[in-house]
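# Tertiary structure, described
The residues making up each chain are set out below.
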Amino acid sequence: MSVVIESIHKTFGRFNALEGIDLKVETGELVALLGPSGSGKTTLLRIIAGLEFPDDGPGNIFFHGTDVTERDAYERRAGFVFQSYALFQHMTVFENIAFGLRVRSRATRPSEAEINARVNDLLGRVQLTQFAKRFPNTLSGGQRQRVALARALAIEPRVLLLDEPFGALDAKVRKELRRWLRAFHEQTRLTTLFVTHDQEEAFEVSDRVVILGEGRIQQIGSPAEVRANPANDFVRKFLGLDDESELLIPSPLHEGSRARELDAV
Amino acid sequence: MSDAVSSSIPYRRFGNRTILPGFHLSLGYTLIYVSLLVLIPMAFLVAKVFTEPFAATWAKITSDRAIASYMLSFGASGIAALINGVFGFIIAWVLVRYEFPGRRFADAVVDLPFALPTAVAGISLAVLYGKNGTFGEWVHWAVGPEAWRAGWATANSNIGVTIALTFIGLPFVVRTLQPVLEDLSTDIEEAAACLGATRWQTFWRIIVPAILPAWLTGMTLAFGRAVGEFGSVIFIASGVIGRGEITPLVIYTTLEEGLYSQAAALGAVMLVFSFLILVVVSLLQAWNGRVTGSASV
């Protein structure tokens with residue numbers, strides 16, 4: 001399912017978080033929203049999910065051609081994964097994942113057997129089958145994040161939104177989950193947007209990268225394109241490419257700036 | 001809540017080595033303090049019951065008058081605790097979740113029932129809810145004089161007792177819920193919304209289970225306080241023998257008649273009932289902790 005965002009503005013008090021965002025995410029794409037903190041990337045993701053509403057004005061959000069701008073979060077069916085996992089502490093892993101199915105209206109709610117089947121299938125896919133009866137506070141960070149992912153997928157979301165999904169995990173687990181996410185996406189081809197401030201993560205996982213800065217989209221392109229042709233100074237600085245030539249022709253003369261670049265990474 | 005602490009911190013047992021000093025000293029201190037302050041007076045109360053022939057005492061504590069007073073004391077306290085459960089939650093929610101002018105003031109006002117001498121509260125309420133008081137006048141007008149006389153009076157009546165007990169119990173629910181609501185992050189509500197839960201479902205399935213232990217504790221405290229309340233109630237109760245007396249008032253009049261052991265027996269009955277109720281609530285808490293694994297709340 002495609003997601004289209006048209007001229008979205010958002011201000012918090014006097015602060016302009018987003019100043020006219022236009023973006024089209026094609027069906028089955030995995031897109032990274034990359035930017036420094038304060039660039040508005042999380043705000044944009046929350047607006048897509050319906051957790052935040054854009055300022056009044058011409059802005060619109062379309063899910064597969066349907067205008068959802070005025071819809072509440074619970075009507076949009078967007079799977080959202082929080083950086084903090086936001087698991088329900090008083091429910092088992094199984095019940096966490098089943099929650100989105102159990103709250104459906106009687107007419108659309110699957111039977112108990114169907115819920116069981118779907119949750120067990122998801123538990124298998126995130127490799128947590130043996131943890132079904134555990135409570136979230138007994139799991140590690142990586143396991144919790146996988147529960148959060150399975151919970152979001154249980155409702156068969158039209159789009160998957162991940163907010164710094166691996167931000168709170170240690171480097172090794174982060175790398176593993178990143179690969180797992182990419183492989184998972186290859187299988188399901190679920191339209192996915194994920195927010196990160198880590199360019200390595202964005203470049204490794206996504207089909208396209210959207211670089212946000214100061215409330216605007218600075219550049220959109222495939223990882224290779226963005227790296228090869230940074231659109232402007234902001235992107236160059238953010239990626240740590242102060243001057244393209246430094247990267248292409250490393251020389252002893254540029255030792256100092258190379259070190260700076262490595263620091264930035 | 002207390003379950004959470006006890007299950008996550010292993011008990012210190014005799015003979016175990018620990019880096020924390022002073023276990024024996026603090027245990028001894030705790031036992032002595034609890035004994036001096038609570039257990040010994042309670043034991044004397046029970047002992048006092050048996051200083052005189054038990055037949056007369058038994059007749060007293062099972063008399064119609066006494067039983068009616070238990071019903072009023074525990075019934076009105078229970079109703080008051082439930083009312084406070086609902087409205088205390090709303091107040092705590094508003095104080096925690098919203099910023100508005102006068103929030104700090106409203107927050108401070110919640111504690112007034114703690115600080116006010118109960119007799120002052122009782123007199124104020126009796127005047128306000130009396131037939132000629134501001135609120136009493138409205139009710140009198142709304143229900144008509146006949147219904148007022150038949151039991152709808154808001155002062156000199158059992159309704160008045162409930163109003164007074166609600167007043168003094170309010171802070172307990174608000175103050176026990178506030179910290180729990182502050183800890184409850186909004187992203188679990190957002191997660192529930194993204195999963196398709198309506199606000200109502202989010203409230204019942206996500207928020208209530210998370211705050212239930214604290215909520216029960218708050219209502220139990222409000223109930224306990226209400227059962228023991230005397231000062232504010234006597235001004236607004238009707239005091240009609242066999243219908244409008246709370247148990248503490250029956251104890252007081254029994255004492256005035258010089259029947260000390262009978263008064264002690266009435267006190268002991270209250271003690272037993274209160275204890276049973278506290279036990280039931282803590283069993284409920286434990287059960288809730290087991291079925292929800294809420295050691296983490």
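Source: prediction; values computed, not measured. (Residues numbered from 1 in each chain as written. Chains lettered and ligands numbered in written order. Predicted model: local features only at pLDDT ≥ 70, side-chain atom pairs only at ≥ 80, totals over all residues. Heavy atoms only, no water.)

Turning next to the environment of Leu23(A). All names here are of chain A. Within the element layout of this structure, Leu 23 appears in strand β2 (residues 15-25). For the pair Leu 23 and Trp 180, spaced 157 residues apart in sequence, the C-alpha separation works out to 26 Å. Apart from the residues lying within four places of it in its own chain, the contact partners of Leu 23 are Val 3, Val 4, Ile 5, Leu 33, Leu 193, Val 210, Ile 217 and Ile 220. (Helix = DSSP H or I, 4+ residues; strand = E, 2+ residues; numbered from the N terminus. Contact = heavy atoms within 4.5 Å.)

Turning our eyes to something else, we now look at the confidence of the model for chain B. Detailed conclusions should not be drawn from predicted coordinates in areas where pLDDT is low. All names here are of chain B. Of all residues in chain B, 92% attain a pLDDT of 70 or more, and the chain-wide mean is 85. Ranking the elements of chain B by mean pLDDT puts helix α1 (residues 2-8) last with 46 and helix α4 (residues 64-97) first with 93. Segment residues 1-7 is flagged for pLDDT under 50; beyond a separation of four residues in sequence, or across chains, it makes 9 contacts in the model. (pLDDT = per-residue confidence, 0-100.)

Residue and element names in this part refer to chain A. In this model helix α6 (residues 171-188) runs 26 Å from its N-terminal to its C-terminal C-alpha over 18 residues, within 8% of the 26 Å that 1.5 Å per residue would give. Turning to α6, its buried residues are Leu 177, Arg 178, Trp 180, Leu 181, Arg 182, Phe 184 and His 185. On its buried face, α6 sits against β3 (30-34), α4 (112-125), α5 (141-154), β7 (159-163), β8 (192-196) and α7 (199-205). Just beyond α6, the residue with positive phi is Arg 189, at close to 55°. (Expected span 1.5 Å × (residues − 1). Buried < 20%, exposed > 50% of the residue type's maximum accessible area, 1.4 Å probe, protein only.)

Residues and elements named next belong to chain A. Spatially, the 6 strands line up as an open sheet ordered β6-β7-β8-β3-β9-β10, and their pairing is mixed. This sheet does not close on itself; its edge strands, each paired only once, are β6 (78-81) and β10 (216-221). Each neighbouring strand pair of the sheet contributes to a mean axis angle of 20°, computed without reference to strand direction. Inspection of the sheet shows β3 paired to strand β9 (residues 208-213) by 4 bridges, in the parallel sense. (Pairing = 2+ DSSP bridges. Axes fitted to C-alpha atoms, helices over the stretch in contact; angles between N-to-C directions.)

Quick look at the pairing of strand β1 (residues 3-12) of chain A now. Residues and elements named next belong to chain A. Alignment of β1 against β2, held across 8 bridges, turns out to be antiparallel. Within β2, the residue paired with Val 4 across the bridge is Lys 24. Counted along the chain from β1 to the antiparallel partner β2, the turn is 2 residues long, and its residue Gly 13 has a positive phi close to 65°.

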